[in-house]
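Structural overview for review
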Amino acid sequence: MKTKTLLELLTLSASLYHLAKDTQLVDRISKLSESSINSINAFSSETMIDEDGNEMELLDKLYHKAGEMRDELEQKVEELVRTFYIKINVAHLDEIKGLNEKLEKADSAIALLEARLNKLELSN
């Protein structure tokens, strides 16, 4: 009889634990949904003016905001790629262009030096 009571108590405590965890999860979700609703309400109530000076409708606001977010995302991805290239030591396109320019300058300087050397050899 005591073993059966212990098993029932363990089962009951496990069930209470899961219910408590579920309650915490529901509370967390409700807090997130409330903050999301508040931010959506604030976004929809703020007035935005287009190029013509007219107030933008909600869909236009959303479209404008999506464009801003796309630009921010592109900038962040570009920064992450740049830092990734630096970390793995891969040459970036700008670095390659710079090195090609230096190579062209060095080639022209070498050609000038060869011309001077040939002139000096011919004069001797």
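Residues numbered from 1 in each chain as written. Predicted model: local features only at pLDDT ≥ 70, side-chain atom pairs only at ≥ 80, totals over all residues. Heavy atoms only, no water.

Bringing the overall build of the protein into the picture now. Scanning the protein from terminus to terminus reveals 3 helices and 0 strands. Mapped from its N terminus to its C terminus, the protein presents α and β elements in the order α-α-α. Relative to a compact globule of 124 residues, whose C-alpha radius of gyration would be 14 Å, the protein shows 34 Å and is clearly more extended. Its C-alpha atoms give the protein principal-axis dimensions of roughly 120 × 60 × 15 Å. Residues counted as buried form 4% of the 124 residues belonging to the protein. When the accessible surface of the protein is split by element, carbon and sulfur atoms take 61% of a total near 11,700 Å². Taken as two groups, the 16 positive and 24 negative side-chain charges of the protein have centres that lie 11 Å from each other. (Helix = DSSP H or I, 4+ residues; strand = E, 2+ residues; numbered from the N terminus. Rg over C-alpha atoms; globule rule 2.2 N^0.38 Å. Buried < 20%, exposed > 50% of the residue type's maximum accessible area, 1.4 Å probe, protein only. Areas by Shrake-Rupley, 256 points an atom, 1.4 Å probe, with all protein chains shown as cover. Lys, Arg positive; Asp, Glu negative; His and termini not counted. Charge placed at Lys NZ, Arg CZ, Asp CG, Glu CD.)

A cluster of nonpolar side chains, namely Leu6, Leu9 and Leu12, defines an oily patch on the protein surface of about 310 Å² accessible area. Of note, Leu6 is situated in helix α1 (residues 2–45). A relative accessible area of 54% places Leu6 in the exposed class. (Patch = residues over 30% accessible without salt bridge, like charges linked within 9 Å, V, L, I, M, F, W, Y side chains within 5 Å. Salt bridge = Lys/Arg side-chain N within 4 Å of Asp/Glu carboxyl O.)

Averaged over all residues, the pLDDT of the protein equals 81, while 92% of them reach at least 70. Element-level pLDDT for the protein is lowest in α1, with a mean of 75, against a maximum mean of 90 in helix α3 (residues 93–123). (pLDDT = per-residue confidence, 0-100.)

Examined against the element boundaries, Lys61 turns out to sit in helix α2 (residues 58–88). Contacts of Lys61, omitting those with residues within four sequence positions, involve Phe43, Ser44, Glu46, Thr47, Met48 and Met56. (Contact = heavy atoms within 4.5 Å.)

The full count for this structure, using the stated rule, is 4 salt bridges. When the shortest N-O distance is used, the salt bridge between Lys65 and Glu68 registers 4.0 Å. With Lys65 and Glu68 both in helix α2 and 3 residues apart, this pair spans about one turn of that helix. Lys65 sits in the partly exposed class, given a relative accessible area of 37%. With its nearest N and O atoms 3.9 Å apart, the salt bridge here joins Arg70 to Glu74. On the criterion of helical spacing, the pair formed by Arg70 and Glu74 is a turn pair, its members being 4 residues apart in helix α2. Classification of Glu74 by relative accessible area gives partly exposed; the value is 47%. Each of Arg70, Asp71 and Glu74 takes part in one network of salt bridges that share partners.

Glancing now at the environment of Ser44. Tracing the backbone shows Ser44 in helix α1. Using a relative accessible area of 33% as the deciding quantity, one classes Ser44 as partly exposed. Expressed as a C-alpha distance, the spacing of Ser44 and Leu58, which sit 14 residues apart in the sequence, is 6.3 Å.

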